[in-house]
Amino acid sequence: MGGRKGHSNKRARPEDDTNNLTTEPGTIPSTATPAKLKGPERKKQKRDEYKASLDDAGVELPKKKYYRQRAHANPFSDHALSYPVGPEEMDWSVHYPAFAQQTGQDGVPAQEVVSSATGRQLTEQVEVADIGCGFGGLLFALAPKMPNTLIMGMEIRVSVTEFVENKIRAMRQQQLNPASSSAAANPPPSEPPTAAAAAAPPPPPPDAPATEILPSGPIPGAYQNISVLRANTMKFLPNFFPPSSLRAIFLCFPDPHFKTRKHKARITSLTLNSEYAYVLRPGGVVYTITDVEDLHLWMCEKFDGHASFERLTEEEEQKDELVGVMRTETEEGKKVERNKGRKFVACWRRRDVPVWPGE
């Protein structure tokens with residue numbers, strides 16, 4: 001049956017409590033609660049809270065889930081980047097303090113300096129560059145294998161670079177103070193464990209995949225020989241490295257840029273290969289790996305067509321220890337392995353600089 005004319009069938013709802021509050025104009029009732037953040041804003045808040053909670057000593061390893069960022073970045077955008085005018089203006093001592101020049105009591109350098117910087121000079125120069133280093137898997141794998149070689153990771157994404165920086169800082173601190181390392185990995189429980197819990201095996205480190213084995217005990221170099229900086233190497237690679245200074249460049253699982261109109265954004269081209277040849281010393285090697293066959297063929301075409309490079313044979317690749325590390329230690333490489341995908345590897349050696357007639 002319909003309601004009476006002029007009357008509504010809807011029940012009258014009680015008024016909100018806030019409507020009964022007497023407040024002064026321009027003030028907020030004391031019972032009002034802030035709106036709960038949702039979606040991206042809530043994620044950003046959680047990231048900020050996590051980063052603020054990290055200990056000042058930097059011993060705790062960062063959790064990757066708080067540093068996630070989209071996999072693609074436009075190399076042609078005007079990012080807010082810091083880069084030196086030239087290699088002579090680059091201060092590497094902030095990245096490798098353990099290799100900074102030491103002076104004696106009389107102020108005379110204790111060791112010979114082979115690379116220059118605007119701050120304290122170094123006793124070694126950067127010799128390996130991992131372009132597009134991602135979350136730094138290759139850096140941490142190479143560090144103990146090349147303890148006296150300075151290795152630089154270069155990444156364009158802000159959050160990913162921050163993750164690698166924090167992880168390097170934490171790994172260095174853990175090597176300097178193993179006691180703090182074990183304390184950070186195994187904080188004291190709030191309640192005494194039960195007998196069943198005490199007999200159970202310890203849980204894996206947070207955010208670490210089941211196949212990852214974190215290093216235990218001291219390692220050669222104590223991660224003092226690796227660092228990372230945010231950079232766009234497609235624009236500014238010669239600003240960081242002098243000519244013929246690098247012995248190895250790694251291009252691991254670069255963005256394939258499938259669309260034809262996006263091929264100009266690929267990390268290899270005849271022009272970019274000339275820059276790689278500029279910073280590589282004769283005999284230096286460019287290491288490439290991808291799970292996209294079309295990109296692999298593209299890189300082969302561009303490097304084979306460049307007069308400064310010659311491709312390593314399969315036998316040479318098999319004997320190169322760095323190739324084996326590159327195949328297995330990057331995050332993308334592990335993902336391809338889990339998905340039973342294919343990996344395409346190719347390496348090129350920098351040819352000797354030809355002698356000009358009359359020299």
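Residues numbered from 1 in each chain as written. Predicted model: local features only at pLDDT ≥ 70, side-chain atom pairs only at ≥ 80, totals over all residues. Heavy atoms only, no water.

### Section: the sheet that holds strand β7 (residues 344-350)
This is how it is decided: Strands qualify as paired when DSSP identifies two bridges or more between them. Put simply, DSSP marks the helices as runs of H or I at least four residues long and the strands as runs of E at least two long, and each gets a number from the N terminus on. Axis geometry follows a simple rule: fit a line to the C-alpha atoms, using only the stretch in contact for helices, then measure angles between N-to-C directions, giving values from 0 to 180 degrees. Only heavy atoms matter for contacts: two residues are in contact if any of them lie within 4.5 Å across the pair.
What the seven strands build is an open sheet, ordered β3-β2-β1-β4-β5-β7-β6; its pairing is mixed. Pairing within the sheet leaves two strands with one partner each, and these edge strands are β3 (226-230) and β6 (309-311). Between one strand axis and the next, the sheet turns by 20° as a mean value, whatever way the strands run. As defined by bridge partners, strand β5 (residues 280-290) adjoins β7 across six bridges and the pair is classed as antiparallel. Its bridge partner lying in β7, Thr290 is registered against Phe344. Contacts between helix α7 (residues 270-279) and the sheet are confined to β1 (126-131), β4 (246-252), β5, β6 and β7, with β5 contributing the most and set at about 135° to the helix.

### A look at the packing of aromatic side chains
Quick note on the threshold: Pairing of aromatic side chains here covers Phe, Tyr and the six-membered ring of Trp, requires ring centres within 6.5 Å, and sorts the geometry by plane angle: under 30 degrees stacked, over 60 edge-to-face, intermediate tilted. Summary of the burial criterion: residues with accessible area below 20% of their type's maximum are buried, those above 50% are exposed, and those between are partly exposed, where the area comes from a 1.4 Å probe applied to protein chains only. Geometrically, a lysine NZ or arginine CZ counts as sitting over a ring once it is within 6 Å of the ring centre and also within 35 degrees of the ring normal.
Per the counting criterion, the structure on display carries eight aromatic pairs. Centroid distance Tyr83 to Phe236: 3.8 Å. Interplanar angle 15°. Geometry classified as stacked. Separated by 153 residues along the polypeptide, Tyr83 in the loop between α1 (39-53) and β1 and Phe236 in helix α6 (residues 233-240) bring together distant segments of the chain. With a relative accessible area of 16%, Phe236 lands in the buried category. Between the aromatic rings of Phe140 and Tyr223, the centroid separation amounts to 5.9 Å while the plane-to-plane angle is 65°, which identifies the pairing as edge-to-face. Separated by 83 residues along the polypeptide, Phe140 in helix α2 (residues 137-142) and Tyr223 in the loop between α5 (195-199) and β3 bring together distant segments of the chain. Each member of the pair, Phe140 as well as Tyr223, carries the same accessibility label: buried. Pairwise contacts between aromatic rings join Trp92, Phe240 and Phe241 into one cluster. Across from the ring centre of Trp298, 4.9 Å away, lies the NZ or CZ of Arg266, which sits over that ring. In this structure, Lys302 is placed above the aromatic ring of Trp298, and the distance from its NZ or CZ to the ring centre is 4.4 Å.

By themselves, these observations are geometric and do not establish any function.
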